[in-house]
Amino acid sequence: LEKAVTGYEQSRKSAEKFIALIDKYENFDTLTNTMLNEFVEKILVHERARKDSQDTTQEVEIYFDFVGRYIPPALQPVPLTPEEQEELRKKEERKDRLHQNYLRRKANGKLMESICSTGIRVSEVRYPTVDAARCGKVEVALRGKIRAILLPGKLCRKLLKYARKNKIASGEIFLTRSGTSLSGKQIWREMKGLCQRAGVAPAKVFPHNLRHLLARTFYQACRDVVKLADVLGHSSIGTTRIYLLSTGAEHAKVLEQLRLIS
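Residues numbered from 1 in each chain as written. Predicted model: local features only at pLDDT ≥ 70, side-chain atom pairs only at ≥ 80, totals over all residues. Heavy atoms only, no water.

Engineer: For this particular structure, what's the right way to read the overall build of the protein?
Structural biologist: A count of helical and extended segments in the protein gives ten helices and five strands. Sorting the 262 residues of the protein into buried and exposed places 24% on the buried side. As displayed, the protein offers around 18900 Å² of accessible surface, 55% of which is attributable to carbon and sulfur atoms. (Helix = DSSP H or I, 4+ residues; strand = E, 2+ residues; numbered from the N terminus. Buried < 20%, exposed > 50% of the residue type's maximum accessible area, 1.4 Å probe, protein only. Areas by Shrake-Rupley, 256 points an atom, 1.4 Å probe, with all protein chains shown as cover.)

Engineer: Would you mind showing me how to read a nonpolar patch on the surface here?
Structural biologist: On the surface, Val-254, Leu-255, Leu-258, Leu-260 and Ile-261 cluster together to form a nonpolar patch covering roughly 590 Å² of accessible area. Along the polypeptide, Ile-261 turns up in the segment after helix H10 (248–258). A residue is classified by how much of its surface remains accessible, and Ile-261, at 78% relative accessible area, is exposed. (Patch = residues over 30% accessible without salt bridge, like charges linked within 9 Å, V, L, I, M, F, W, Y side chains within 5 Å. Salt bridge = Lys/Arg side-chain N within 4 Å of Asp/Glu carboxyl O.)

Engineer: Explanation requested: helix H8 (residues 225–232) in the structure shown.
Structural biologist: Residues spaced three or four apart along an α-helix point in a common direction, a consequence of the helix completing one turn every 3.6 residues. Every buried residue of H8 is accounted for by Leu-228, Ala-229 and Leu-232. For H8, the buried positions fall inside an angular range of 100° around the axis, keeping them on one side. Across H8 from its buried face, at more than 90 degrees, point the exposed residues Val-226 and Asp-230. Looking at the buried positions of H8, the neighbouring elements they touch are strand E5 (145–150), helix H7 (208–222) and helix H9 (237–243). If you check the start of H8, you find a side-chain oxygen 3.0 Å away from the backbone N of Val-226, and it comes from Asp-224. (Arc of directions from axis to C-beta. Contact = heavy atoms within 4.5 Å. Polar contact = N/O pair within 3.5 Å; in protein donor to acceptor, adjacent residues only side chain to side chain.)

Engineer: Looking at this model, I keep getting lost on the pairing of strand E4 (residues 137–142). Mind explaining?
Structural biologist: Along any regular strand the residues' side chains alternate between the sheet's two faces. Pairing analysis gives six bridges linking E4 to E5, with the strands arranged antiparallel. Within E5, the position partnered with Glu-139 by the bridge is Ala-148. Counting the residues between successive antiparallel strands, the hairpin from E4 to E5 contains two residues, one of them, Arg-143, with a positive phi of roughly 55°. (Pairing = 2+ DSSP bridges.)

Engineer: Looking at this structure, how should I read the nonpolar core?
Structural biologist: For soluble globular proteins, nonpolar side chains are generally found buried alongside one another. If you look at the biggest cluster of nonpolar residues, it comprises 28 residues, and the most contacted ones within it are Leu-111, Val-138 and Ile-173. Going through the elements one at a time, helix H3 (82–118), helix H4 (130–135), E4, helix H5 (153–165) and helix H6 (184–197) are the ones with two or more residues in this core. A per-element tally of this core places H5 first, with six residues. Not counting residues within four places of it along the chain, the set of residues in contact with Ile-173 comprises Pro-128, Thr-129, Val-130, Ala-133, Leu-159, Tyr-162 and Ile-168. (Core = buried A, V, L, I, M, F, W, Y, C linked by side-chain atoms within 4.5 Å.)

Engineer: I would appreciate a short explanation of H6 in the present structure.
Structural biologist: Counted at 1.5 Å a residue, the expected span for H6 with its 14 residues is 20 Å, and the 20 Å between its end C-alpha atoms agrees. Among the residues making up H6, those that are buried are Ile-187, Met-191, Lys-192, Gly-193 and Cys-195. Positive backbone phi, at 85°, marks Gly-199, one or two positions downstream of H6. (Expected span 1.5 Å × (residues − 1).)

Engineer: Would you mind going over the confidence of the model for the protein with me for this structure?
Structural biologist: Caution is warranted with low-pLDDT regions, since their predicted coordinates should not be read in detail. Averaged over every residue, the pLDDT of the protein is 79; residues scoring 70 or more account for 86%. When pLDDT is averaged over each helix and strand of the protein, the minimum, 70, is found for H10 and the maximum, 93, for H4. (pLDDT = per-residue confidence, 0-100.)

Here's what the structure looks like:
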């Protein structure tokens with residue numbers, strides 16, 4: 001009983017101090033830092049329910065001096081009927097499903113950028129790890145040889161940011177939802193899905209096209225087929241030349257530009 005009385009007295013004194021603080025600042029034009037420091041003890045900001053999502057909630061707790069946490073009446077929990085609870089559950093499930101689809105598309109975008117900017121093969125996507133992104137280089141062991149793949153700085157920053165957001169502290173960056181390595185078929189299927197949304201015919205979509213894009217762009221920049229062969233991991237320059245074959249239309253365009261006919 002004595003403990004209860006003591007608690008009551010402390011609560012009453014705290015309430016009186018809080019009321020006195022309110023009276024002190026009853027009329028004001030500008031909210032100042034001094035006022036906030038006197039009123040607010042602490043603010044706790046929780047993580048968002050769904051990271052990288054605009055359609056989500058984020059709990060913020062505000063604790064006032066003398067009276068503790070205050071929850072506005074509008075935010076007080078409201079009892080729901082079984083029907084309302086079921087409807088709310090379905091809405092949350094749909095939000096979760098849409099968010100997971102968004103995260104998967106985002107991961108696939110990073111994977112497409114990785115293939116296109118490095119020339120890494122689909123069979124090698126397990127090699128870009130968190131450690132590799134930190135040091136800017138992937139080492140691929142194949143048929144007794146070690147192939148070094150350089151990762152552009154901008155790509156490394158994107159991969160590390162993606163890994164942090166998805167709580168990937170080490171190991172492979174590109175994984176399935178169950179945490180296993182991506183297969184070539186899965187990458188192809190996801191890539192076709194992305195291209196369909198972009199209005200590109202699925203029949204034209206192959207992951208290997210991205211290596212061809214890198215090959216042509218790299219060669220246009222440096223005109224060195226030996227360096228390109230090294231980037232693509234080709235042991236024969238003859239293989240690299242296949243990537244650089246021009247169409248008849250491109251040859252015709254060059255011949256027209258020569259102006260050898262008067």
